[in-house]
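As a plain string of letters, each chain reads:
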Amino acid sequence: MSDVLSFSTALRERSRTAHSSSEGADFMTDLMNGSGTREDYVALVAQHWFIYEALEAATERMRVDPVASVFLSDKLTRLPALEADLEFLIGADWRERISPLPTTQAYVARIRRVAATWPGGFVAHHYTRYLGDLSGGQFIGRLMQRRFGFDTNGVRFYLFGDIADPEAFKNVYREQLDAAPWDADEKERVIDEVLVAYRFNTELFVDLSRAKAAQSA
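Residues numbered from 1 in each chain as written. Predicted model: local features only at pLDDT ≥ 70, side-chain atom pairs only at ≥ 80, totals over all residues. Heavy atoms only, no water.

## Quick look at the environment of Leu86
Next, step 1: Summarising the element assignment, Leu86 is placed in helix α5 (residues 79–89).
Next, step 2: Here Leu86 falls in the buried class, since its relative accessible area comes to 0%.
Next, step 3: Excluding its chain neighbours within four sequence positions, the residues that come into contact with Leu86 are Val45, Ala46, Trp49, Gly91, Trp94 and Ile98. (Helix = DSSP H or I, 4+ residues; strand = E, 2+ residues; numbered from the N terminus. Buried < 20%, exposed > 50% of the residue type's maximum accessible area, 1.4 Å probe, protein only. Contact = heavy atoms within 4.5 Å.)

Written out as structure tokens, the structure is:
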């Protein structure tokens, strides 16, 4: 890793290709360009619930960790918003009507495993999800609002009402990454785990496409 680059910059640069691959997955491409359906969007929201349920349960455990706790903020919590979205999109019985896809099951297992044994790995997943939500996720939320005629119901997941300036929030988060007391080897491990998180995200889109094809067959 170059001494010229801060850790947060190196992390962003090293994950750029994986991020682009995830964004470019066919399922998301269809959803963004208008060929995806409302049902496709609902399917994505349902998988998000399982992921964030695991991540935010891990967040509670990490509150006592001296390194990981620095990155935690109740302003990021997404689970109540996801549950409100699912009730609006599916109905009051949404819990009985959703189930995790294979990639989601593996993704959740990975989050739980690293959160139980490795604070740096937890931070990698925390960073990948929440900074993504505060970045490209904001565009996705606005696009879904326009495409499907949502007001706030249905896209609450993307609305961070307690974060007035997402860019400033992200900058502070990156400063915290740079200040983390990790040696060079640990920084490499964290970067590798961010790439794992992006890979899960990409594979989830493949799973969603596969599930959609099976339903229409």
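## Digging into the side chain of Glu193
Next, step 1: Within the element layout of this structure, Glu193 appears in helix α11 (residues 184–216).
Next, step 2: Residues in contact with Glu193, not counting those within four places in the same chain, are Arg110, Val114, Trp118, Gly121, Ala124 and His125.

## Quick look at α11
Next, step 1: Relative to the 48 Å expected for 33 residues at 1.5 Å per residue, α11 spans 49 Å between its end C-alpha atoms, a close match to the ideal helical length.
Next, step 2: You can read the cap of α11 off the contacts: a side-chain oxygen lies 3.2 Å from the backbone nitrogen of Asp185, and it is on Asp183. (Expected span 1.5 Å × (residues − 1). Polar contact = N/O pair within 3.5 Å; in protein donor to acceptor, adjacent residues only side chain to side chain.)

## With respect to the packing of aromatic side chains
Next, step 1: Evaluated as defined, the whole model comprises 15 aromatic pairs.
Next, step 2: A ring pair is formed by Tyr41 and Phe150, whose centres lie 5.7 Å apart and whose planes are at 40°; its orientation type is tilted. Taken as a pair, Tyr41 in helix α4 (residues 38–62) and Phe150 in the loop between α9 (136–148) and α10 (166–179) lie far apart in primary sequence, 109 residues in all. Of the two residues examined, Tyr41 and Phe150, each falls in the buried class.
Next, step 3: Ring plane angle 80° and centroid distance 5.1 Å describe the contact between Trp49 and Phe50, whose orientation is recorded as edge-to-face.
Next, step 4: The buried category is assigned to Trp49, whose relative accessible area is 12%.
Next, step 5: Judged by its relative accessible area of 15%, Phe50 is buried.
Next, step 6: Among the aromatic residues, ring-to-ring pairing joins Phe7, Phe71, Tyr127, Tyr173 and Trp182 into one connected group.
Next, step 7: One cation-aromatic arrangement involves Arg78 over Phe160; the distance from NZ or CZ to the ring centre is 3.7 Å.
Next, step 8: The ring of Trp118 is capped by Arg189, whose NZ or CZ atom sits 3.9 Å from the centre of that ring. (Phe/Tyr/Trp six-rings, centres within 6.5 Å; stacked < 30°, edge-to-face > 60°. Lys NZ or Arg CZ within 6 Å of the ring centre and 35° of its normal.)

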